Amino acid sequence: TSNSGSGGGIGGTGVSSSGTIDAFGSIFVNGVEYETDAAQILIDGEEVGENALGLGMVVLVSGTLNEDGAKGTATRVIFDKEVEGPVQSIERDQDGDSMLLHVVGVVVITERTGTVFDNTSFDSLTVGDQVEISGFPTEDGVMRATRIEKKGEFVEGESEVEVEGVVTMLTATEFTLGEFIVDYANADLSGVPNSTLEEGMRVEVEGLLEANRILASEVEQEDTAEDVFEDEEDI
């Protein structure tokens, strides 16, 4: 069974589905209503209640799917934001229906009707806003935002950022991640195999941003599809 939806398909009795939350009651992902009463819900690795989920979040749902393909039961719902940091610039199109944001070096496609906004809006978003973004990365490194939540105003050296990328120019204390230099001398590396970074490793970095430097508090290896799904699993 396959259903069209926001970025994924589903099938079988035991299932994992990746897509946006389109509605509540319990939650609707890729057009399927999943009961979440007994589900474990994780946001950025921390267990929370269902009320912490929001429309437009890209989640990974594991559970079972009914034979009708319209309803299922979730055993786990996982959300991990794609990027968090300051809006560095905004480029609006002539029609006023879409715009390109630059957020900690990531180009983010944002749409008036296709993106869910929380604590802000398409028209009120401004440079300097600290935002959390969920969405789908494209092959060329651009992200299409499904949800943007304003967390406050960015304060250099105080507001935490989170960004993903590939480790280059690795030294004993620093590496380059896109346009940023990451100081990982005092970072938690428990999320990296053997706590050892490698050139070319894809990672997620959390820390404080000052100019083009990130003072990292945590560096984790970013999961691939092979890490998320089990062999022979329906998705």
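The rules behind these values
- Residues numbered from 1 in each chain as written.
- Predicted model: local features only at pLDDT ≥ 70, side-chain atom pairs only at ≥ 80, totals over all residues.
- Heavy atoms only, no water.
- Helix = DSSP H or I, 4+ residues; strand = E, 2+ residues; numbered from the N terminus.
- Contact = heavy atoms within 4.5 Å.
- Salt bridge = Lys/Arg side-chain N within 4 Å of Asp/Glu carboxyl O.
- Buried < 20%, exposed > 50% of the residue type's maximum accessible area, 1.4 Å probe, protein only.
- Phe/Tyr/Trp six-rings, centres within 6.5 Å; stacked < 30°, edge-to-face > 60°.
- Lys NZ or Arg CZ within 6 Å of the ring centre and 35° of its normal.
- Lys, Arg positive; Asp, Glu negative; His and termini not counted.
- Core = buried A, V, L, I, M, F, W, Y, C linked by side-chain atoms within 4.5 Å.
- Polar contact = N/O pair within 3.5 Å; in protein donor to acceptor, adjacent residues only side chain to side chain.
- Pairing = 2+ DSSP bridges.

Regarding the environment of D118
Here D118 is to be found in strand β11 (residues 116-118). In this structure the C-alpha to C-alpha distance between D118 and R147, which are 29 residues apart in sequence, comes to 7.7 Å. Excluding anything up to four places from it in sequence, D118 contacts R147, I148, E149 and K150.

Topic: the pattern of salt bridges
Using the criterion set out here, one finds 13 salt bridges in the structure. Here D44 and K81 are joined by a salt bridge, their closest N and O atoms 2.7 Å apart. Here D44, found in the loop between β4 (40-43) and β5 (46-48), pairs with K81, found in the loop between β7 (71-79) and β8 (83-92); they are 37 residues apart in sequence, far enough to count as distant. A relative accessible area of 31% means that D44 is categorised as partly exposed. The class of K81 is buried, set by a relative accessible area of 7%. Of the charged contacts, one joins D118 and R147 as a salt bridge, the two residues approaching to 2.7 Å between their closest N and O atoms. Of this pair, D118 sits in strand β11 while R147 sits in strand β13 (residues 143-153), placing them 29 residues apart in sequence.

Remarks on unusual backbone geometry
Unusually for a residue other than glycine, N30 sits at a positive phi of about 55°. Position of N30 relative to the elements: it lies in the loop between β2 (27-29) and β3 (32-35). Look at N30 and you get buried, because its relative accessible area is 0%. Unlike most non-glycine residues, M169 shows phi in positive territory, near 50°. Within the element layout of this structure, M169 appears in the loop between β14 (160-166) and β15 (174-177). According to the relative accessible area criterion, M169 is exposed, its value standing at 61%.

Regarding the packing of aromatic side chains
Applying the stated rule across the entire model yields 2 aromatic pairs. Taken together, a centroid distance of 6.3 Å and an interplanar angle of 85° make the contact between F117 and F122 edge-to-face. According to the relative accessible area criterion, F117 is buried, its value standing at 19%. Stacked on the ring of F122, the Lys or Arg R92 has its end atom at 5.4 Å from the ring centre.

Here we look at the side chain of E206
Take E206: it is sitting in strand β18 (residues 202-210). Buried and unpaired, E206 has K81 as its nearest opposite-charge partner, separated by 5.6 Å.

Some thoughts on the nonpolar core
The biggest cluster of nonpolar side chains holds 35 residues, and the ones touching the most others in it are V103, I133, F175, L197, V203, V205 and V219. Dropping the residues within four chain positions of it, I133 is found in contact with K81, E82, V83, V103, V108, M143, A145, R147 and I148. Of all hydrophobic cores here, the second largest spans 17 residues; its members include V15, I21, M57 and V61.

What to know about the environment of R147
Classification of R147 as buried rests on a relative accessible area of 9%. The contact partners of R147, leaving out residues within four places of it in the chain, are G54, L55, G56, M57, T115, V116, D118, E132, I133 and S134. Here D118 takes part through its side chain, which lies 2.7 Å from a polar atom of the side chain of R147.

Brief notes about the pairing of β13
Sheet topology places strand β10 (residues 106-111) next to β13; 2 bridges connect them, and they run parallel. Opposite I109, over in β13, you have R144 as the bridge partner. Sheet topology note: the β11/β13 ladder contains 3 bridges and is parallel. Residue pairing for β13: V116 is matched across the bridge by R147.

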